[in-house]
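So you can see what is in the structure, the chains are spelled out below.
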Amino acid sequence: MEKFSLLNGLVAPMDRANVDTDAIIPKQFLKSIKRTGYGPNLFDAWRYTDHGEPGMDHSKRPKNPDFVLNQARYQGAQILLARKNFGCGSSREHAPWALMDDGFRCVIAPSFADIFFNNSAKNGLLLVVLSEADIDRLFYDVASFPGFRLIVDLEKQTVSTTDASRVHHFDIDTFRKYCLLNGLDEIGLTLRHADKIRAFENQRTMQFPWYTR
Amino acid sequence: MGQTLYDKLWNSHVVHTEDDGTALLYIDRHLVHEVTSPQAYEGLKIAGRKPWRVSSVVATADHNTPTNDWHLGIAGITDPISRLQIETLDANMREYGAKVYFPFLDKRQGIVHVIGPENGATLPGMTVVCGDSHTSTHGAFACLAHGIGTSEVEHVLATQCLVQKKMQNMRVTIDGTLGRGVTAKDVVLAIIGRIGTAGGTGCAIEFAGSGIRGLSMEGRMTVCNMAIEAGARAGLVAVDETTIEYLKGRPFSPSGVEWEQAVAYWRTLVSDADAKFDREVTLRAEEIVPQVTWGTSPEMVMGIDGAVPDPDREKDAVRREGMERALAYMGLKPRTPIQDIRIDKVFIGSCTNSRIEDLRAAAAVAKGRRVAATIKVAMVVPGSGLVKAQAEKEGLDRIFREAGFDWREPGCSMCLAMNADRLEPGERCASTSNRNFEGRQGAGGRTHLVSPAMAAAAAVAGHFVDVRKLG
């Protein structure tokens, strides 16, 4: 997993609630058996005016000029500002893969769907929850100031404007934070408890043999 | 203080807890399908790891599989990328193994959330995971079941555990008796309409009350299936006689003395009378009418006797814009009566509504009637080979065919249109699936979620009608 510590990144706005994972990465791109290469198809149905399929040369497809991420001022954005319940719907991990493949390292929203939240953490995509009021203000900032950037400091758990005039604190589980800061392989961490897992399993098999057969 | 059903399931699976409450949860059953597993098996291989307990894995190919021309075999899958994904699952099963694998073309193949329960591979008291959000379905059996991502699939394969934080307890109580023609699908759509698509975020929702206890296991699965559409990763229904009766004699259900022991334990899988829930919501069964979604989120739902809402009457700006965007996408005008919405296609199937009871309900409406001439295609896709065989034994296939429906082979099909079954841009569909998101059933396609009986009624009429008035 990619480490996350400090990010000073350009912010792009996605000003709609309940953005679902079907919108983030449409199903035709789920046929790939790889973890990479999804970036050009992030928000595919909104991003292009034609219908996309795997195997196309996406650089040659007609882009939708009205789609926010196609605007010149948001090219190279690493922080996505979003509305409530971002990432709802399907459990496809292709959603965080696509966001990261397109260069995003952090999404800031008032709330996230649970499965998307877990999937993102496992890939080093930091999800930050701020209040609706703070998010409203940030949407205003992004719209008003071309080139608007934010500094996300995971160690300090803060999101701040580059001039430090505003600093928002955010919460994160200490375990998740530890894994993100160190880019740790969670499987390796879990296997440190292999003896405990085996003991639990043996006990369970004795008590309820029909579950582990 | 008493424990909720969720508390009991959680407590009986915790292997280890970190200081911040993050826990390692032991996983009993791991359902695997072709779309979210290839990267997980690849990760396992790269790291040189082996699956922890192969007997936990029940696998099938369902998302990409075609629903016609099975006599052509694997060559019938014309999309080479779809075929590669199915062949990759075959290869992974050969290399790593499973408790049981129902490959494409097997007579027990089907949608992963249909085959688990019908084979008794989903049992009360289990933890069940799958790289698919509709894993919440299995909670109908009082097991802790939720969808996971591909990294978690790999994690469960390698460690038999999932890293989890405990969720909150939410209870949705439906008291009373459902009216004639009102089904489990209408119940869950009405719940989502009430609490919203984020209403259950961070929670496990237990569905309770006489309106839920009166449902069959099929109906309970429909309700739990869409818990995720209310934001909850897990839905739950307590064990009762209906649960136990359903499981008796299933291929992987315990038998003999073990059956008696299991049933004794399963009967404890109910919330204690004095258990505390963090959130409670109550609906009256009698007030629920057949539901139809009008927008691009399952919470955008209305009773069949209602009309498309008017965004001008919505005060919240973000919500208003969402409604306007949804109506533009759906090609609908505010205040249009739901019954005036004409449709092009009908899809009866998906992990929400493709079980035998669903097909019986749809067939009861279709019997002796004809699909309207304006309908381009009305397809019925059974949830599994076993459901299909049962339906054919009961003559339901003949009823559907005589009424002008397509009778297909099992799979996920047009619920998410990864195979060849899909909507064309602008086409409008009455669908028994679970998501009406933009493009879900095909780019530009317009989805209205309904029950199987309502879908069949719409197929016959060519537009939405109140199935209660069909007689």
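Above this note sits the structure.
Residues take numbers from 1 onward in each chain, read along the sequence in its written order. The order in which chains are written sets their letters, starting at A; the order in which ligands are written sets their numbers, starting at 1. A pLDDT threshold of at least 70 governs which residues receive local features in this predicted model, and a stricter bar of 80 or more applies before side-chain atom pairs are shown or counted, although totals over entire chains, interfaces and linings include all residues. In computing side-chain properties, one takes all heavy atoms of the structure into account and sets aside hydrogens as well as water.

### Topic: the nonpolar core
Within soluble globular proteins, side chains that are nonpolar tend to cluster in buried spots. The nonpolar core is taken to be a set of buried Ala, Val, Leu, Ile, Met, Phe, Trp, Tyr and Cys residues, with the residues joined through side-chain atoms within 4.5 Å. For each residue, the accessible area found with a 1.4 Å probe, counting protein chains only, is set against the maximum for its type, and the residue is called buried under 20%, exposed over 50%, and partly exposed in between. Core analysis: the largest hydrophobic core is formed by 110 residues, its most contacted members being A:Phe43, A:Phe86, A:Leu99 and B:Phe405. We count a stretch as a helix when DSSP gives it H or I for four or more residues in a row; a strand needs E for two or more, and each element gets its number in order from the N terminus. Here the element with the most residues in this core is helix α15 (residues 452–461) of chain B; it accounts for 7 residues. Only heavy atoms enter the contact rule, under which two residues are in contact if any of them lie within 4.5 Å. The contacts of A:Leu99, once residues within four sequence positions are left out, are A:Ile24, A:Leu42, A:Phe43, A:Leu80, A:Phe86, A:Phe104, A:Val107, A:Phe116 and A:Leu125.

### Considering the layout of surface pockets
Only protein atoms enter the 1 Å grid used here. Points where a 1.4 Å probe fits but cannot escape make up a cavity, open sets with protein on both sides within 12 Å along at least five of seven lines make up a pocket, and a residue lines them when an atom lies within 4 Å of a point. Grid points are joined across faces, edges and corners, and a volume is the space filled by probe spheres set on the points. Estimated volume of the largest pocket: approximately 1500 Å³. Taken together, 50 residues make up the lining of the largest pocket; nearest its centre are A:Phe117, A:Asn118, A:Ala121, A:Lys122 and A:Arg176. If you list the elements that add at least two residues to the lining of the largest pocket, you get α3 (94–101), α4 (114–121), β4 (126–129), α6 (174–182) and α7 (186–191) of chain A together with α2 (38–46), α5 (150–159) and β8 (161–164) of chain B. Polarity classes work like this: nonpolar for Ala, Val, Leu, Ile, Met, Phe, Trp, Tyr, Cys and Pro, charged for Asp, Glu, Lys and Arg, and polar for all others, with Gly in that last group. Residue composition of the lining of the largest pocket, grouped by class: 21 nonpolar, 13 polar and 16 charged.

### Thoughts on the packing of helix α12 (residues 356–366) of chain B against α15(B)
Residue and element names in this part refer to chain B. At a closest axis distance of 8 Å, the pairing of α12 and α15 adopts a crossing angle of 30°. On the basis of the axis angle, α12 is roughly parallel to α15. The two elements α12 and α15 meet at a crossing, and its hand is right-handed. Taking contact as the criterion, the partners of Asp 358, Ala 361, Ala 362 and Val 365 in α12 are, on α15, Pro 452, Ala 453, Ala 456 and Ala 457. The class makeup of the residues in the contact of α12 with α15 is 7 nonpolar, no polar and 1 charged. Lines fitted to the C-alpha atoms define the axes, with helices restricted to the stretch that makes contact. Angles between their N-to-C directions range from 0 to 180 degrees. Should an angle fall under 35 degrees it is called roughly parallel, over 145 degrees roughly antiparallel, and 65 to 115 degrees roughly perpendicular, with every other angle called oblique. Rotating anticlockwise by less than a right angle from the far helix to the near helix defines a left-handed crossing, while the corresponding clockwise rotation defines a right-handed one.

### Some details on the interface of chain A and chain B
In this complex, chain A contributes 59 residues to the contact, which on the side of chain B involves 78 residues. Summed over both partners, the accessible surface that disappears when two parts come together, traced with a 1.4 Å probe, is what is meant by buried area. Three residues stand out in chain A for area buried against chain B, namely A:Lys31, A:Trp210 and A:Tyr211, and they jointly supply 14% of the buried area on that side. The salt bridge definition used is simple: a Lys or Arg side-chain nitrogen within 4 Å of an Asp or Glu carboxyl oxygen. At the junction of chain A with chain B, the criterion picks out 9 salt bridges. Of the charged contacts, one joins B:Glu258 and A:Arg213 as a salt bridge, the two residues approaching to 2.8 Å between their closest N and O atoms. As used in this structure description, the phrase polar contact means that two N or O atoms lie within 3.5 Å; if the pair is within protein, one of them must be able to donate a hydrogen and the other to accept it, and residues adjacent in sequence are counted only when both atoms belong to side chains. Here chain A and chain B share 44 residue pairs in polar contact (both at pLDDT 80 or more) between them. Among the elements that take part in the side of chain A that touches chain B, helix α8 (residues 194–207) of chain A stands out by supplying 7 residues, more than any other. Looking at side-chain class alone, the side of chain A that touches chain B contains 20 nonpolar, 16 polar and 23 charged residues.

That's the geometry; what it means functionally is another story.
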